[in-house]
Every structure is written in C-alpha cells, then in structure tokens.
Protein chains: 2
Amino acid sequence: MTNTANSRKTSLSVATPQALSREGGESLVDQIVRSIEARIDDKLLRNGARMPSIRQFAETHRVSRFTVVEAYDRLVAKGFLESRRGSGFYVRERSPIIAAGGNVLPVEAVPKSLDVVWLVRNMFRQHPTQHTPGSGLLPSDWLDGELIANGLRAISRQNQNLLLQYGNPQGSIPFRQQLQLKLAELEIAATPDQIVTTSGITQGLDLVARHFAQPGDTIFVDDPAWFLMFGSFATLGAKVVGIPRLPDGPDIARLAELAALHKPKLYVINSVLHNPTSTSLSAAKAFQILKIAEQHDFTIVEDDVYCDLHPGSAVQPATRIASLDQLNRVIYLGGFSKTLAANLRVGFIATSEDMAKQLSDRKMLSTLTTSDIGERIIYKILSEGHYRKHVDRLRSKLDSVRDKTLKQLERVGLKLDITSPAGMFVWADTGRDTNVLTEKALQQGILLAPGSLFSPSQLPSTRMRINVAATSDIAVLRFFERELG
Amino acid sequence: MTNTANSRKTSLSVATPQALSREGGESLVDQIVRSIEARIDDKLLRNGARMPSIRQFAETHRVSRFTVVEAYDRLVAKGFLESRRGSGFYVRERSPIIAAGGNVLPVEAVPKSLDVVWLVRNMFRQHPTQHTPGSGLLPSDWLDGELIANGLRAISRQNQNLLLQYGNPQGSIPFRQQLQLKLAELEIAATPDQIVTTSGITQGLDLVARHFAQPGDTIFVDDPAWFLMFGSFATLGAKVVGIPRLPDGPDIARLAELAALHKPKLYVINSVLHNPTSTSLSAAKAFQILKIAEQHDFTIVEDDVYCDLHPGSAVQPATRIASLDQLNRVIYLGGFSKTLAANLRVGFIATSEDMAKQLSDRKMLSTLTTSDIGERIIYKILSEGHYRKHVDRLRSKLDSVRDKTLKQLERVGLKLDITSPAGMFVWADTGRDTNVLTEKALQQGILLAPGSLFSPSQLPSTRMRINVAATSDIAVLRFFERELG
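Residues numbered from 1 in each chain as written. Chains lettered and ligands numbered in written order. Predicted model: local features only at pLDDT ≥ 70, side-chain atom pairs only at ≥ 80, totals over all residues. Heavy atoms only, no water.

- Under an unreviewed UniProt entry, the name given to chain A is PLP-dependent aminotransferase family protein, and the source organism is Noviherbaspirillum saxi.
- The Sequence similarities (unreviewed entry) comment attached to chain A in UniProt states, word for word, "In the C-terminal section; belongs to the class-I pyridoxal-phosphate-dependent aminotransferase family." (UniProt positions renumbered as here; feature names shortened; annotations may be inferred.)

What follows is the structure, encoded as structure tokens:
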C-alpha cells in the first residue's frame, strides 16, 4: 500500500457508528446505514476515505458479516460508498442529489410568449395542489386505485417466468381474448389475431401513421381534435389537414371536397365523445364518411378512447364506423387510460389479421414488446366483471356533477353548447383569446386547455376545453368570474 | 313484450342452477357462475335466451341481489351473457374462444424459404419446451422472479394515485437519480435532467434514429450487430452501413474511409460485450472513434445493454466512449432487460440536458409516457442494494458454465474464438450456411441465431451466435454433432 493510500485510510474509530442497539424497532442494518450516512454528511468520513473491511467491521461491532455486507451495499446504492473491485469500499465523491420523493415536477417558469410545446409539457406534469380544468383525465379520487393494487398483488403471485422473458409482440393472448368480447359488444367482430396491444392509444396512432404516411402525405384530423397527434404526424413529415367538426360529426361536404383535393392517406376521428367537444357521430354521417373513404381510397382510424364513458344511445346517438365496416377500411383504436389508469399505458389496435401482423412487426421495431403487467391487470379487471360496474359508476358520477358545473360555468360568463351533454368535456366559448387566458391562469396555478391547442392551424381561439369533473372549484370559478365578468 | 321476445324468454327452472350450497369452499357467486356456464355449454340455455331478472333470481334462490349482480357480471365478462341496457341479461352468441392460459404461442409453420422477419418473430416468441441456443436472453431460472414479485407487492402498497395519472414523460425522478449513481460508477457524469427513460433500449434507438436521420441519411452499425435495429432504421428510410467489427472494436481504417464517403448521421455501437461477439472496445479504439466522429461530425450512440455482465477490466479491457466524451458527442443507452426482466421494458437514454428534453418530447409524441411500474420496481432493486449482488451472481454463473459449454461446442465441430471469453454469447463458425442449419434446427424445436441476421447485408454466413447459458443441452449438442460431424 502506498503512503497516499495509507494516509487516506479511515481509522476504525471514525468510520464506525456508535454502539449498535439490539433493542428497539430499527434493524442493525438500518442503524449502520443511518450512522455512516450521518458521518459522511458531517464530513467525519471524507471523500475517498477507505472504509474498514467487512471482516474488520463485523468483528469490531460483533455483528454478522452478512449484516455489514447488506449495509455497505445499501450505502453503495444510495451513493455514499463505492466499491472498487478487489480493493474494498470507499466514501464516494458525491454530486448533489435531489431528495428522492414523489414523481412530482414543479411547473416550469412561464415563458415570455406562449409556446405550445411548453404547454403540452405542462399538460403531462402532475399538479397535485393545482386546479386542472384543462386536464384530459378524470381526477384520481374518481378512479379506483384499489382495483389496480389488487391486480399488482395478483400478478406478484403468478408465475414470474412470464415477466422475465419478452412478452408476445402482439400482446398477451388472454387479454386480447377479453378485447374480442369487448369489441363484440360494440358489434365489431375481431379475433385475437386481429388485435395488437399498444402503449396507450398514442403508440397506436404513431404505428398506424408511420405505416401509412410517407413524408409529404396528407392525414386528415377533426378540427378541433386531440392536439398531441398533430405533433406526432408532423414529425413524420405528413401534412395535417383539419375537417370542421359539427355536433353530429364532420362537415361532410368539406370532407368530400378536401379528400378530392388532398388525396389523404388517413382520416383520424373520434366517433364517440369526441375530444374536445364530447359530441358523437350520427349513423348517417358514419355511412357518408365510409362512402367518401371508399371513393378516395383512404383509411379511417377510429380513436374510441372515450367509448366507455358514453351514456347510451337513449341520451346521445353514437355510431362507430367500424361497426358498419367491420375493420376493412377502418382501423379501430381503444384504450383504458381514461377509465382505469393512464400510467398502465394500455391501448390496442383492432384491424384485419394481415394489417395486425404488419403493425405488430412495426411495434417490434420501435419498442420490441409492451409490458405484460398493465395488460394482465386489465385482463383481471375485465374478466372478473369489475370493469362494467366501475365504468357505470364513473358515468353516474359524471352525470351527477355535470349539470351543476355547467350552470356554474354559464353563471361566470362562459357560453356552452349543452344540447346533448355527455362525457367528461365541454367545449366552452369565453369570448376572449384563450392563449392569453391560459397564461394568466397558469400564474395562479390553474391549468387551462386553450382552443389553439386543438386545431391543426394552432391559431388563437376563444374556445377552450373544460373537464367537468375537475372544475367546480371555487378558485377556478372565481378566476373565470374575474376574467370574463 | 312481443310474441317473439316472449317465446325466447327462458323459464326460470331451466335458467337457474341446482340448489346452492352455503357450505364447502365454493362461494355462492362461483356456484352460480359455474352452473350457468355449464347450462349454456350443454345448450340447456340457448343463444339469445333472456335470463331471469336479478330480482327474480335472488328471490327464487334466496340469495342477495348483490350476489346475482356479481355472478351475472362475471358471466358477461366471460362472454356467456350479454347485458342490453334497460332490457336485462341474455345468453350471448359466442364465437369460439381459445382456452385462456399462458402467453405462449406455438411456433409458426416453417415457411418454404427462410424469411428474416419470420425468424425475428419466432425469436420473440416463448418456447417453454424448446431448446434456444439462439436466444438473446438468459434462461428464466437464472434470473430472480422473486425480486420482481417483491417489487410488484411493494408498489401495490404505495400511493396508487401515481398510477392513475400520467407519469413524468422523462421518467420517474427517483429512478433517474439512481441511474445518475449507476452512470457515475462508469465515470459518466449525468444529472437526472440528462436522462430519459424508454421502453427498453429498442425505443431509445428508435427515438434517437428518428431524431437524427431523415430518409436517405446514413446510419453506421457494426457488422455483425444486433439485427432488430437494421429493420427499425430501414423503416425510417435510412441507409444502414456496416463497419467490420474486430476483436478490440471496429476496423478503424474502414470506419474513417466510410465516414468520408457516407457522411453518416449516427454510429451505433456496443462498446462492451458486443452483440453477437461478446468482445469489448479497447481504450485506443474508443479514442480513435471519437476523433473520426468529430472530424466527420456524426453522433455516437453507445448501446451498453450488456454493461453489468462485463467481468471487469482484469479479464477483458473495456472503455466506454461516453466516459471519454462525457455525453457531448455520445448518446448513451442502457437497460435492464438482460439482467432483471425483459418484460418490464425499462431502458434509458443519457445525453446532454438539451437533447434529453428534445428526445423526451419525441417520446411524448410516440408513446406519451412509459409506465412507472417497471421503473419503480427497478428503482427499489437498485436503491436497496440488491442489484449489485444479483449481477455478481449472474457473472459467476456465466463463468461457471462458459468453459464447459465452449469445450462441448468445440467437440461437436464448432470453431470458436475464445481468447478472451466473457458475457453470454459466443460467435461460432460452423463451416456451413447457418440459414440452412437454422431451418433444420427449427424442425427439431431448436432455435438458432444465424449469422445472416446480424449483418446489414443479410447475406448467408457460416457464423452463428450462441447463448452459452442456454446450450449445454443434449438435444442441441446432438444436433450439432449430427450436422457438423
């Protein structure tokens, strides 16, 4: 050993913790870890200092070597020590680490002019203490964390070998069988071979768009529509063209005109509880869209993520284009982020068997497989019959808050179209530029979803999307009252 | 009620199960479900027949209505009944469903001529009863399912609200803090803001390639190298060019020559335990690669998925280019599919803070977020110090089987380069076209990984990749003996 190494060697008395207690709640390992951590923090043990060997430490403190190994390992994992192969443990040079905690980010400083990417980023941060009428999800306390926790526990008791290896690239088979049943209830016939699971509908859209669209090709979307896909399609070099959305579906004359002009590859549409207007497609329009798609030979991508929040055709008509077409010209996308848990990242594509194979290969090239965990949790919830009851409860709860919220919003100055209220959103007119309103709101901890986000033109708009489940909140109402009164 | 509906109504005596038992282990719900299932299977209850109402059933059998609701719900979820809103429950028309079970697919019928996509598909199927010397993963019984199960249980006890909402698009913060420590051990300084989690390294490669390469651009890979990325890059319209891989890294003269010729955007390389040869980069070559990258201004993507299987520089030298360059020109990719569990789908990108933000935005556009579940499980394993012990065990186990396996393989006629044995693969020369060998092997339930897969040229090769952990199997050895003897 050189002199330098020797001089940096820590004397036992400094390195070792105070007397260890065999009583009380704290394990020996915990006591050693805590005590060494404190000594490093207090600079009693310095960067680069060599720790006593495991044998030395164990003998001095009359603890087993296993206890010391475990304590040292934890200190390595926490960044206090480092292990040098064949040489022992050393106090490591530490870079500052933010206290480990929740997964919560502060809102980024508001930039000088409104930046859509910045808004979208904030959209997907978590705002536990914030007011989020602009959110696209139901509040956590509406959902059922216990259902998910039960699923996790059930999987922890299953054969773990399934998790150690890659899953099936097309998605877990029992889960796809359950999806077959779910689709059959919507009068869409699809065998498990026609289904590919995805990491949420977002991945489904990405895979389909990458399959169909070359740079320069046109993709139709509704205007307004879900904003994230505009960016996704734009990165493919696709031209994104909006079709004006009316209360019963797209403006058919405009669709026919633009289809002749642009020869689009895809038309992405929410037939049921359209985001952001919560309106649904009429049967007549569903039929007309299909005819135009046949005439101009484009594929319809039916994003049905709000499916299970639909209140039934007695309240609001709803026709899925896939029910008419049976997955010939229609690629149907579904998911569980809105009704169960966004973080499970489980969605699916239903299409022809041949296209399912091609999209599954494409999924393999971009994420290999999706994790079975979310799929198995949802399989359990579906197959044990919990899902239907759960979504029935969500719908009743939405119905029970919607009327009151809409009245409150009208009272504070918003104009709403509430001829057929359903779903979780209302598309409200403020009479002001909602980009400006959104900036002001963010400074007060309120997240809004301005109309500009929802249009492929990204032009300022007086509209905004309001989540009726996250709005009847005195701070939000007062803000609108002040700004719009 | 019309006559037709009336005639299809099921009489109570047929629909209802035999006397229910309040004793014994089976719950009332289970008894009702089982009995109605049996009656439907036996055609005692016919397609379209209406079930007794919940009230009727509950009264007849003196069970609570909740019991009946739960039983009917389960039968709906299992596809035996369907519920028609406002009308009641009916026996549904059932399409044949494969018995729910494992996630295991049969091997597809061998096509007439070897098809690389077909081979890759089979590569990612599970072959529980098969011999898989061509597999890219360690066998399940080498890995630690209990570690993963413990993680699942721990998460089921945590605050479920985190799972109900979207996660942080850049990845869970505590997990990224652990990755900071892991990278610091490799002498790569990266704050959590420089890290983006991905769905395995596959998604990392896809995101980086999409960010840097436009159609027509060139991406360099090693030849041989991991096959999946060739397809992934090809779908982007990129030109994939292979750099010959020598035992201590790429052929530097050829790299310089081809860089001048093609002006590549990216060079993707395994520095440590290269797939498929298990060789590692020398310090000198790491430096030379960086110089060439600077000269021709391309980015290096260092895929370090085999990192934790490296036996230490005493056994085999290993230099990471990112340790020299500190994430300026190098984008570093890591993951846990090889050492913990492929199905968790957890990988990560480490890069500059600005690039991390851009790649995180791109990730948002293609899968929104990745699930926190896998990240939290691995966070727990890393932070509690289990990971280091686990990978130490894996390395010892590899060391303990490697010698024997290599000797057996040489005895049955394979030529191996074993000057510096390490990692899980050996790149073996059979002296035969391994495409032909692979077809024969598959007919006997043996999965091989022929050399053609690993070259961007996809030309037939006499080489193949052998997983030393999955080969010392009498069926496999006999096959080689017969074919090569």
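## Let's talk about the overall build of chain A
And step 1. Helix and strand counts for chain A come out as 19 helices and 14 strands.
And step 2. When burial is assessed residue by residue, chain A has 60% of its 485 residues classed as buried.
And step 3. Sequence separation of 24 or more characterises 72% of the internal contacts of chain A that already satisfy a separation of 6 or more.
And step 4. Counting every atom, chain A has about 19,100 Å² of accessible surface; 50% of that belongs to carbon and sulfur. (Helix = DSSP H or I, 4+ residues; strand = E, 2+ residues; numbered from the N terminus. Buried < 20%, exposed > 50% of the residue type's maximum accessible area, 1.4 Å probe, protein only. Contact = heavy atoms within 4.5 Å. Areas by Shrake-Rupley, 256 points an atom, 1.4 Å probe, with all protein chains shown as cover.)

## Things to note about the pairing of strand 12 (residues 425–429) of chain B
All names here are of chain B.
And step 1. Buried residues dominate strand 12, accounting for four of its five residues.
And step 2. Sheet topology note: the strand 11 (residues 415–416)/strand 12 ladder contains two bridges and is antiparallel. Across the sheet, lysine 415 pairs through a bridge with aspartate 429, a residue of strand 12. (Pairing = 2+ DSSP bridges.)

## Topic: the interface of chain A and chain B
Put simply, an interface is often sized by how much accessible area is lost when its parts join up.
And step 1. Taken residue by residue, the interface counts 105 residues in chain A and 105 residues in chain B.
And step 2. Roughly 8,800 Å² of surface becomes buried between chain A and chain B when both sides are summed, with 56% attributable to carbon and sulfur atoms.
And step 3. Run the count over chain A and chain B and you get six salt bridges.
And step 4. Arginine 388 of chain B serves as the salt-bridge partner of aspartate 73 of chain A, at 2.4 Å between the closest nitrogen and oxygen.
And step 5. The tally of links between chain A and chain B comes to 28 residue pairs in polar contact (both at pLDDT 80 or more). (Buried area = accessible area lost by both parts, 1.4 Å probe. Salt bridge = Lys/Arg side-chain N within 4 Å of Asp/Glu carboxyl O. Polar contact = N/O pair within 3.5 Å; in protein donor to acceptor, adjacent residues only side chain to side chain.)

## Digging into the sheet that holds strand 13 (residues 449–450) of chain A
Note on sheets: strands pair through backbone hydrogen bonds, and any given pair is parallel or antiparallel.
Residue and element names in this part refer to chain A.
And step 1. Here four strands make up an open sheet; going across it, the order is 11-12-14-13 and the pairing antiparallel. Lying at the two open borders of the sheet, with one neighbouring strand each, are strand 11 (415–416) and strand 13.
And step 2. Taken together, the five bridges between strand 12 (residues 425–429) and strand 14 (residues 463–467) define a ladder with antiparallel strand orientation. Note on strand 14: the bridge partner recorded for alanine 428 is methionine 464.

## Notes on the nonpolar core
And step 1. Membership of the largest hydrophobic core comes to 242 residues, with the highest contact counts inside it found for Phe480 of chain A together with Phe480 of chain B.
And step 2. Beyond its immediate chain neighbours, meaning those up to four positions away, phenylalanine 480 of chain A contacts Leu409, Val412, Leu414, Leu448, Met464, Ile466 and Gly485 of chain A. (Core = buried A, V, L, I, M, F, W, Y, C linked by side-chain atoms within 4.5 Å.)

## Brief notes about the side chain of glutamine 165 of chain A
And step 1. Relative to the helices and strands, glutamine 165 of chain A is located in the loop between helix 8 (161–164) and helix 9 (173–185).
And step 2. Under the relative-accessibility criterion, glutamine 165 of chain A is labelled buried at 16%.
And step 3. Here serine 140 of chain B takes part through its side chain, which lies 2.9 Å from a polar atom of the side chain of glutamine 165 of chain A.

## A few points about helix 7 (residues 145–157) of chain A
And step 1. Here helix 7 of chain A is 13 residues long and its end C-alpha atoms lie 19 Å apart, about the 18 Å a rise of 1.5 Å per residue gives.
And step 2. Regarding helix 7 of chain A, the residues found buried are Gly145, Leu147, Ile148, Ala149, Gly151, Leu152, Ala154, Ile155 and Ser156 of chain A.
And step 3. Considering only its buried residues, helix 7 of chain A is in contact with helix 8, helix 16 (372–383) and helix 17 (386–411) of chain A together with helix 7 (145–157), helix 8 (161–164) and helix 16 (372–383) of chain B.
And step 4. Between the side-chain oxygen of the N-cap and the backbone nitrogen of glutamate 146 of chain A there are 3.2 Å, and the N-cap of helix 7 of chain A in question is aspartate 144 of chain A. (Expected span 1.5 Å × (residues − 1).)

## Looking at the relation of the copies chain A and chain B
Relating the two copies of this chain is a rotation about some axis coupled with a shift parallel to it.
And step 1. Turning chain A through 180° and shifting it by 0.0 Å along the axis lays it on chain B, with an RMSD of 0.1 Å. Taken together, the rotation and translation describe the operation of a two-fold axis. (Least-squares fit on C-alpha atoms with pLDDT ≥ 70 in both.)

## Side note on unusual backbone geometry
And step 1. In this structure, the amide linkage connecting asparagine 275 of chain A to the following residue, proline 276 of chain A, adopts the cis form with an omega of 15°.
And step 2. Residue placement: proline 276 of chain A occurs in the loop between strand 7 (266–269) and helix 13 (283–296).
And step 3. Not every positive phi belongs to a glycine, and leucine 273 of chain B is a case in point at roughly 50°.
And step 4. Relative accessible area serves as the criterion here: at 2%, leucine 273 of chain B is assigned to the buried category.
And step 5. The backbone phi angle of leucine 368 of chain B is positive, close to 65°, even though this residue is not glycine.
And step 6. For leucine 368 of chain B, the position within the fold is in the loop between helix 15 (353–367) and helix 16.

## Observations regarding the pattern of salt bridges
And step 1. On inspection of all chains with the given rule, the structure shows 39 salt bridges over all chains.
And step 2. Ionic pairing is found between aspartate 222 of chain A and arginine 245 of chain A, a salt bridge with its closest N-O pair at 2.9 Å. Separated by 23 residues along the polypeptide, aspartate 222 of chain A in strand 4 (residues 218–223) and arginine 245 of chain A in strand 5 (residues 239–246) bring together distant segments of the chain.
And step 3. With a relative accessible area of 10%, arginine 245 of chain A lands in the buried category.
And step 4. Through salt bridges with shared partners, a single ionic network connects Arg388, Lys389, Asp392 and Arg395 of chain A together with Asp73 of chain B.

## What about the packing of aromatic side chains?
And step 1. Under the counting rule described, the total for this entry stands at 26 aromatic pairs over all chains.
And step 2. With a centroid separation of 5.5 Å and 75° between ring planes, the pair formed by tyrosine 306 of chain A and phenylalanine 425 of chain A is classed as edge-to-face. Residue tyrosine 306 of chain A is found in the loop between strand 8 (299–303) and helix 14 (321–325), and its partner phenylalanine 425 of chain A is found in strand 12; the two are separated by 119 residues along the sequence.
And step 3. The exposure class assigned to tyrosine 306 of chain A is buried, which follows from its relative accessible area of 3%.
And step 4. Ring geometry for phenylalanine 57 of chain B and tyrosine 72 of chain B: centres 5.9 Å apart, planes at 80°, overall edge-to-face. Taken as a pair, phenylalanine 57 of chain B in helix 4 (residues 54–61) and tyrosine 72 of chain B in helix 5 (residues 65–77) lie far apart in primary sequence, 15 residues in all. No difference in accessibility class separates phenylalanine 57 of chain B from tyrosine 72 of chain B, as the two residues are buried.
And step 5. By way of ring pairs, the aromatic residues Phe175, Tyr332, Phe336, Phe348 and Tyr387 of chain A are connected into one cluster.
And step 6. Looking at arginine 465 of chain A, its charged tip hangs above the ring of phenylalanine 425 of chain A, at a distance of 4.2 Å from the centre. (Phe/Tyr/Trp six-rings, centres within 6.5 Å; stacked < 30°, edge-to-face > 60°. Lys NZ or Arg CZ within 6 Å of the ring centre and 35° of its normal.)

## Brief notes about the sheet that holds strand 13 (residues 449–450) of chain B
And step 1. The four strands lie next to each other as 11-12-14-13 (chain B), forming an open sheet whose pairing is antiparallel. What marks the edges here is a single partner per strand, and that holds for strand 11 and strand 13 of chain B.

## Overview of the environment of isoleucine 173 of chain A
And step 1. Within the secondary structure layout, isoleucine 173 of chain A lies in helix 9.
And step 2. For the pair isoleucine 173 of chain A and isoleucine 195 of chain A, spaced 22 residues apart in sequence, the C-alpha separation works out to 9.5 Å.

## Let's talk about the environment of phenylalanine 348 of chain B
All names here are of chain B.
And step 1. Within the secondary structure layout, phenylalanine 348 lies in strand 10 (residues 347–350).
And step 2. We classify phenylalanine 348 as buried; its relative accessible area is 2%.
And step 3. For the pair phenylalanine 348 and isoleucine 201, spaced 147 residues apart in sequence, the C-alpha separation works out to 6.7 Å.

## Quick notes on the packing of helix 10 (residues 200–212) of chain A against helix 11 (residues 228–235) of chain A
Residue and element names in this part refer to chain A.
And step 1. For the pair helix 10 and helix 11, the least separation of the axes is 10 Å and the interaxial angle reads 30°. Considering their axes alone, helix 10 and helix 11 lie roughly parallel with respect to each other. Note on packing geometry: the crossing formed by helix 10 with helix 11 is right-handed. Contacts from Thr202, Leu205, Asp206 and Ala209 in helix 10 reach Leu228, Met229, Ser232 and Phe233 in helix 11.
And step 2. Across the contact of helix 10 with helix 11, the residue classes tally to five nonpolar, two polar and one charged. (Axes fitted to C-alpha atoms, helices over the stretch in contact; angles between N-to-C directions. Parallel < 35°, antiparallel > 145°, perpendicular 65-115°, else oblique. Left-handed = near helix turned anticlockwise from the far one by under 90°. Nonpolar A, V, L, I, M, F, W, Y, C, P; charged D, E, K, R; others polar.)

## Focus: the confidence of the model for chain A
All names here are of chain A.
And step 1. Across chain A, the average pLDDT comes to 86, with 87% of residues at or above 70.
And step 2. For residues 1–17, every residue scores under 50 in pLDDT, and the model assigns this stretch 32 contacts once sequence neighbours within four places are set aside.
And step 3. Scored below 50 in pLDDT, residues 95–114 makes 48 contacts in the model with residues more than four places away or belonging to other chains. (pLDDT = per-residue confidence, 0-100.)

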